[in-house]
Amino acid sequence: MFFPISHADINPIYLAIIGFLIGILGGFFGVGGSFIAGPALRLMGVDWNYAVGTDLAHIVGKSIVAAKQHRALGNVDLKLGLIMALGTIGGAECGAQLIQALKRSGHVNTVVSYVAIVVYTGIAAFMLWESQKTLRTYKSPSKISGGIDPKKDRSAFGPVTRTIQRLKIWPMIALPTSGITISLWTIVLVAFVGGLFSGFLGGGAGYIRMPSMVYVLGVPTHLAVGTDLFEIVISASYGTITHAIKGNVDILIALVMHTGAVIGAQIGVVATQYFTGPKIRLAFVPLPLIGAAIVIYTLMTGHKL
């Protein structure tokens, strides 16, 4: 099927399957899945600027479905999500402007590819190290007094998290749902960085923001997943609009991917109830590596499949 906006010829079944898989990832990990969607579209010959904008467009509907499910399960901190949305929108606009600058210079595919490889690999390596360390500490959660409540599981908290939480930079924000009190500027900074990657690499940048919410802000994993999805609904909507204005969205591709994504999202949400926080983080590790491998392949071959 030919998509005239991005000038790409892609099998719609391929797009629906990719959307379905990304829907599962979004519901389970609280991420937009751009580390798979972007490389998967690039693999089919879609330029990075279209891959980024189209990915943002398709995840909005999927994230609404998944966030609603997580909200029903009590996994969303609305106050935190609304505050983060403000920082994310600013970062997303900066990322979109960088894409425009690279598009004008003719280097968008090369530069974004290399950045994606470094970011995806780095995140996977860090989360592999942390989750394995945590699982060694908690080999048998059931043996700990009363077990581990997933919504209060703070096993990922290390000295960096505790140090950041002790910073008293006004104004301080109390987040009863997440069980933390932290500086507003820390929240905004984490959100801005996530938004920057969202606008630059596509998706909701949950691969940056979800780990940051856990390791930097100190939000329990299950709440980080649900809250990130809620925040993605707002930030990805803005990202879609700003990229659409710049001509970077192929809405037809986004709609085909969305048909699979809304089904997968509901499956992913239900699955989170059967895993502890460290296991969710460990299961996340191979996914950015898959995305990095696809990007490396496209760089090495110089053409689509």
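Our structure is the block above this text.
Read on for a plain summary of the structure. Keep in mind that what you see is a predicted model, and the values were worked out from it rather than measured.

Brief notes about helix α12 (residues 286-301)
Because the α-helix completes a turn every 3.6 residues, residues three or four places apart line up on one side.
Turning to step 1, where the next piece is worked out: The end-to-end C-alpha distance of α12 is 23 Å, a good match for the 22 Å that 16 residues give at a rise of 1.5 Å each.
Turning to step 2, where the next piece is worked out: Listing the buried residues of α12 in full gives L287, P288, G291, A292, I294, V295 and T298. Seen from one end, α12 has its buried residues packed into an arc of 160°, which puts them on one side.
Turning to step 3, where the next piece is worked out: Where α12 terminates, the next one or two residues include G302, which has phi positive at roughly 75°.

Comments concerning the pattern of salt bridges
It is possible for side chains of opposite charge to pair when their charged atoms get near one another.
Turning to step 1, where the next piece is worked out: On inspection of all chains with the given rule, the structure shows four salt bridges.
Turning to step 2, where the next piece is worked out: D47 is the salt-bridge partner of R42, the closest N and O atoms lying 3.9 Å from each other.
Turning to step 3, where the next piece is worked out: Among the ionic pairs, R209 bridges to D228, the shortest N-O distance being 2.5 Å. A residue pair is termed long-range when its members are at least 10 positions apart, and R209 in helix α8 (residues 206-217) and D228 in helix α9 (residues 221-245) qualify at 19 residues. Of the two residues, R209 and D228, both sit in the buried class.
Turning to step 4, where the next piece is worked out: The structure contains a network of salt bridges with shared partners spanning R209, D228 and E231.

A closer look at the pairing of strand β3 (residues 172-175)
The side chains of a regular strand alternate, first on one face of the sheet and then on the other.
Turning to step 1, where the next piece is worked out: Burial along β3 is one-sided: the residues I173 and L175 are buried and none of M172 and A174 is.
Turning to step 2, where the next piece is worked out: Bridge count between β3 and strand β4 (residues 180-183): four bridges; the pairing is antiparallel. By the bridge assignment, I173 is partnered in β4 with I182.
Turning to step 3, where the next piece is worked out: Counting the residues between successive antiparallel strands, the hairpin from β3 to β4 contains four residues, one of them, G179, with a positive phi of roughly 75°.

Analysis parameters
Residues numbered from 1 in each chain as written. Predicted model: local features only at pLDDT ≥ 70, side-chain atom pairs only at ≥ 80, totals over all residues. Heavy atoms only, no water. Helix = DSSP H or I, 4+ residues; strand = E, 2+ residues; numbered from the N terminus. Expected span 1.5 Å × (residues − 1). Buried < 20%, exposed > 50% of the residue type's maximum accessible area, 1.4 Å probe, protein only. Arc of directions from axis to C-beta. Salt bridge = Lys/Arg side-chain N within 4 Å of Asp/Glu carboxyl O. Pairing = 2+ DSSP bridges.

Shape is all these values report; function is a separate question.
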